[in-house]
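One-letter residues, chain by chain:
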Amino acid sequence: MAEEDSSQEKTEEATPRRLEKAKEEGQVPRSRELTTSAILLAGAVGLMITGPVIGGALIDVVEFNFQLDRRAVFDPQFMMLHLARSFYDAILSLFPLFAILLVAAILGPIALGGWLWSTKALMPKMSRMNPIEGLKRMFGIKALVELAKAVGKVLVVLVLAVWLLSAMQQDMLNLANQSPDKATVESLVMSGWAFVALSAATILIVLVDVPFQIWEHARKLKMSRQDIKDEMKDTEGKPEVKGRIRQLQREMAQNRQMAAVPEADVVITNPTHFSVALKYDPDNMATPILLAKGVDHAALKIREIAKEHSIEIMESPVLARSIYHTTDVDQEIPAGLYMAVAQVLAYVFQLRNYRKGQGDMPVYPRNISVPNDLRYD
């Protein structure tokens, strides 16, 4: 059976549970080309924006270091402070560019696959140390795609670089006729735009890599029909396990009911098959509520607890069956049974007063009327 299951082809799309589990294990689609392209583009655009400010700040640092008093050169403490000041100014000037690169480095990976924090992806796997598996990865589809991407990047950048050199040839030759200051500025501007163009060329690789990574991720997570059946069993539980859980739930609910019986005012019985325990507090309740109910063994247990706590037990087969079938535990009795239950409670409360020496002995209610639509014979 195991061999049969393992031989099944994985032709089914991954279920939501499978996708969730893969994400918990750190398996989400990622594109290194997207991250690389984002950092390159951010760096190129950042240099174009912050370049003049960075250049001016670095020039100021250089001038600051050349403007030294001769006596200060021989003071080690002064020289350390001077170095610290230069280092601080240089870092401060580069901070905007570093901030842009940091944002790109964070947004690039999460643009595909979203934010993910999983320690399982960092755990060592023996399969990674298996030389056979390593050879499979070296000559697999993914390795071939990585090789194709590397060749593609070289070709795209090479073709674009040749085109840029050809297009900017005359401008570069004109630099020889300009003053050194102007030629330096012009060359920096040309280099900056060339860097932006070459960085933008990597978008072509991204447009190919991102769909492939999504497809590859979906392919890895594909499931066989047996996998889906096993997952459903694990999710919903095996029949015997679910049956045991339901049994435990019934036992727990029954135990809670039995614990509430001592608070009842009266227990109405069938007298052998049904028992229901009712409570009514005129000051806090609008209508009586059902504390516990049971049949056969549970009904006997309710009667035993009622006797132990001196709770009045009354026999009314029709009313007991009606309350059992129409009312849930901790719920109010239906309006159709108000009159019948009121007769029972009135007798119980009068009997309590009589036992305390207050009032006359009440008459036992033998003809308790239950509406036909609420009868369960």
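Predicted model only: the values in this text are computed from it and were never measured. (Residues numbered from 1 in each chain as written. Predicted model: local features only at pLDDT ≥ 70, side-chain atom pairs only at ≥ 80, totals over all residues. Heavy atoms only, no water.)

Asks: Help me understand the packing of helix H3 (residues 32-66) against helix H9 (residues 180-220), please; the structure alone is not making it clear to me.
Replies: Packed helices, taken two at a time, are described by the angle between their axes plus the distance between the axes. Interhelical geometry of H3 versus H9 gives an angle of 160 degrees and a closest axis separation of 8 Å. With respect to H9, the element H3 is oriented roughly antiparallel. With respect to the hand of their crossing, H3 and H9 are arranged in left-handed fashion. Packed against H3, whose contacting residues are Arg-32, Glu-33, Leu-34, Ser-37, Leu-40, Leu-41, Gly-43, Ala-44, Val-45, Leu-47 and Met-48, the element H9 presents Gly-192, Trp-193, Phe-195, Val-196, Ser-199, Ala-200, Thr-202, Ile-203, Ile-205, Val-206, Asp-209 and Val-210 at the interface. Across the contact of H3 with H9, the residue classes tally to 15 nonpolar, five polar and three charged. (Axes fitted to C-alpha atoms, helices over the stretch in contact; angles between N-to-C directions. Helix = DSSP H or I, 4+ residues; strand = E, 2+ residues; numbered from the N terminus. Parallel < 35°, antiparallel > 145°, perpendicular 65-115°, else oblique. Left-handed = near helix turned anticlockwise from the far one by under 90°. Contact = heavy atoms within 4.5 Å. Nonpolar A, V, L, I, M, F, W, Y, C, P; charged D, E, K, R; others polar.)

Asks: Mind showing me how you'd approach a nonpolar patch on the surface here?
Replies: Together, Leu-102, Val-103, Ile-106, Leu-107 and Trp-115 line one region of the surface with nonpolar side chains, adding up to about 540 Å² of accessible area. Structurally, the position occupied by Trp-115 is in the loop between helix H5 (76-110) and helix H6 (131-138). (Patch = residues over 30% accessible without salt bridge, like charges linked within 9 Å, V, L, I, M, F, W, Y side chains within 5 Å. Areas by Shrake-Rupley, 256 points an atom, 1.4 Å probe, with all protein chains shown as cover. Salt bridge = Lys/Arg side-chain N within 4 Å of Asp/Glu carboxyl O.)

Asks: Is there a simple way to think about the sheet that holds strand E3 (residues 289-295) in this case?
Replies: Strand pairing within a sheet occurs via backbone hydrogen bonds; the two strands may be parallel or antiparallel. The mixed open sheet is built from four strands, whose spatial order is E3-E2-E1-E4. Edge strands, defined here as strands with exactly one partner in the open sheet, are E3 and strand E4 (312-315). For this sheet, the mean angle separating the axes of adjacent strands, direction not counted, is 20 degrees. When strand E1 (residues 266-269) meets E4, the two strands line up parallel, connected through four bridges. Following the sheet pairing, Val-267 is matched in E4 by Ile-313. This element, helix H12 (residues 297-308), spans E1, strand E2 (274-279), E3 and E4 of the sheet and lies at about 125 degrees to E3. Relative to the sheet, helix H13 (residues 317-326) contacts E1, E2, E3 and E4, its axis offset from that of E2 by approximately 75 degrees. (Pairing = 2+ DSSP bridges.)

Asks: Hey, could you run me through the packing of aromatic side chains in this one?
Replies: To describe a pair of aromatic rings, one takes the distance between the centres and the angle between the planes. Enumeration over the complete set of coordinates arrives at three aromatic pairs. Measuring from centroid to centroid gives 5.9 Å for Phe-212 and Trp-215, while their planes differ by 35 degrees, and the two rings are tilted. Highlighted residues: Phe-212 and Trp-215, both in helix H9, separated by three residues, approximately one helical turn. By relative accessible area, which is 44% here, Trp-215 ends up partly exposed. Between Phe-274 and Tyr-324, the aromatic rings sit 5.1 Å apart at their centres with planes inclined by 70 degrees, giving edge-to-face as the arrangement. (Phe/Tyr/Trp six-rings, centres within 6.5 Å; stacked < 30°, edge-to-face > 60°. Buried < 20%, exposed > 50% of the residue type's maximum accessible area, 1.4 Å probe, protein only.)

Asks: Can you walk me through the pattern of salt bridges in this structure?
Replies: Side-chain pairs of opposite charge can arise whenever the charged atoms involved come near each other. Taken as a whole and assessed by the stated rule, the structure comprises seven salt bridges. Residues Asp-89 and Arg-85 are paired through a salt bridge, measuring 3.1 Å at the closest nitrogen-oxygen approach. Here Arg-85 and Asp-89 lie together in helix H5, a separation of four residues that amounts to about one turn. Assessed through its relative accessible area of 46%, Arg-85 is described here as partly exposed. The salt bridge partner of Glu-216 is Arg-219, with a shortest N-O separation of 2.7 Å. Here Glu-216 pairs with Arg-219, and both are found in helix H9, just three residues apart, close to one helical turn.

So yeah, pure geometry; function would need other evidence.
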